[in-house]
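Residues per chain, in single letters:
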Amino acid sequence: FDKDTQSAKLTYDQISLAYEKIFNRIGVPYLRVEGDTGMMGGSSSHEYHFPAGIGQDSVLWCKKCSKGRNLEIDSEDNTLSCDRSDCEIEETKGIEVGHTFLLGQKYSKVFKANYLGEKGKPEILEMGCYGIGVSRVLAAAAEVLSTETELRWPKSIAPFSVCIIPPKSGSKEEPAGLALMEELYSKLNSIFPDDIIIDDREKMTIGRKLYVSRRTGYSIIIVIGKKSVSPEPTIEIEIPSEEKKMDLTPDQALAFLHNYNNS
């Protein structure tokens, strides 16, 4: 609630900026478009969409000026008012994950939501309404990023950033490999504090663990296998979202993961 239209618009802009920071941090591509006020009413609304082929909403979007609108506003009008002459407008599907409304006095007037103004008389409050669908963000992120066989999460909401798969129980490389794992875990914990899981299930093969790890959606998978006890020990680093696989020395792995986490 705000005391006047100007203050309500300022609050709206501040919350919209906060939403953009939230969605930027989540790390899934999104579009902020003009929305239909619909049954909610009010003077303005904006929607936040994750572009996805299965999305229920159709939106027009200009790549050049990052401006768009939901076609619900007028499904027969395929034009978009842009700030540039070289606009690149496309129609895409989206999953709505957030919405902001500038409602004015539509509800506060009905419910007599007043405040005492400077002259000591009751004044009607200006109202805004804001929401992010938390569970929908999770589902939509998985839908947008995943493959048909593997979950893919953005780094910000992955169950753990790093999964370490140690040597197979009873293998020749287990003693030296476990020592290397402990050292690696200790150093990685300063880069990914409390964000590392070790798959130490003894009755599963490394291959099975790797398969499960990829399907679970860990951002980074580290495999400590046979090469970890070679004269020049290396470990395998996988970044499933980038289809990237590397054999690195422990020092190289630490340097790479430090840079990757800061990117």
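Model, not experiment: these values are computed from the prediction. (Residues numbered from 1 in each chain as written. Predicted model: local features only at pLDDT ≥ 70, side-chain atom pairs only at ≥ 80, totals over all residues. Heavy atoms only, no water.)

J.: How would you sum up the overall build of the protein chain? Please name residues and give values.
T.: Across its full length, the protein chain holds 6 helices and 13 strands. Relative to its length of 263 residues, the protein chain is extended, with a C-alpha radius of gyration of 25 Å against a globular reference of 18 Å. When the backbone C-alpha atoms are referred to their principal axes, the protein chain occupies close to 80 × 45 × 35 Å. Restricting the contact set of the protein chain to residue pairs at least 6 apart, pairs at least 24 apart contribute 59%. Of the roughly 15100 Å² that the protein chain leaves accessible, carbon and sulfur atoms contribute 51%. (Helix = DSSP H or I, 4+ residues; strand = E, 2+ residues; numbered from the N terminus. Rg over C-alpha atoms; globule rule 2.2 N^0.38 Å. Contact = heavy atoms within 4.5 Å. Areas by Shrake-Rupley, 256 points an atom, 1.4 Å probe, with all protein chains shown as cover.)

J.: Which residues make up the pattern of salt bridges, and what are the values?
T.: Following the criterion strictly, the structure yields 14 salt bridges and no others. Note that E238 is salt-bridged to R214, the shortest N-O span being 2.5 Å. Of this pair, E238 sits in strand β12 (residues 235–239) while R214 sits in helix α5 (residues 206–216), placing them 24 residues apart in sequence. Put simply, K245 and E238 hold a salt bridge, and the shortest N to O gap is 3.8 Å. Take K245: its relative accessible area is 58%, and that puts it in the exposed class. E238 gets classed as buried once you look at its relative accessible area, which sits at 2%. Salt bridges linked by common partners bring E150, R152, R214, E238, E243 and K245 together as one network. (Salt bridge = Lys/Arg side-chain N within 4 Å of Asp/Glu carboxyl O. Buried < 20%, exposed > 50% of the residue type's maximum accessible area, 1.4 Å probe, protein only.)

J.: Account for the packing of aromatic side chains, naming residues and giving values.
T.: Considering all chains together, one arrives at 7 aromatic pairs under this definition. With a centroid separation of 5.5 Å and an interplanar angle of 35°, the aromatic rings of F23 and Y30 are classed as tilted. Like Y30, F23 is buried. Members of the aromatic cluster, connected to one another through ring pairs, are Y19, F23, Y30, Y48 and F50. Just above the ring of Y260 sits the side chain of K155; from NZ or CZ to the centre is 4.6 Å. (Phe/Tyr/Trp six-rings, centres within 6.5 Å; stacked < 30°, edge-to-face > 60°. Lys NZ or Arg CZ within 6 Å of the ring centre and 35° of its normal.)

J.: Could you give me a rundown of helix α6 (residues 250–262), with the residues and numbers involved?
T.: A rise of 1.5 Å per residue sets the reference length of α6, with its 13 residues, at 18 Å; its end C-alpha atoms lie 19 Å apart and thus fit the reference within 8%. Taken as a whole, α6 has its buried residues at P250, A253, L254, L257 and Y260. End-on view of α6: buried residues confined to an arc of 135°, all on one side of the axis. Exposed and oriented more than 90 degrees from the buried face of α6 are D251, N259 and N262. (Expected span 1.5 Å × (residues − 1). Arc of directions from axis to C-beta.)

J.: Talk me through the sheet that holds strand β9 (residues 162–165); I want residue IDs and the actual numbers.
T.: Within the open sheet, the 5 strands sit side by side as β10-β9-β11-β12-β13. Their pairing is mixed. Since the sheet does not close on itself, it has two edges, and those belong to β10 (196–198) and β13 (244–248), each with one partner. Between one strand and the next, the sheet's axes are offset by a mean angle of 20°, whatever the strand orientation. Direction of pairing for strand β11 (residues 220–223) relative to β12: antiparallel, over a ladder of 3 bridges. Note that in β12 the partner of V223 across the bridge is E236. (Pairing = 2+ DSSP bridges. Axes fitted to C-alpha atoms, helices over the stretch in contact; angles between N-to-C directions.)

Note that every value here comes from positions in space, so none of it alone points to a role or purpose.
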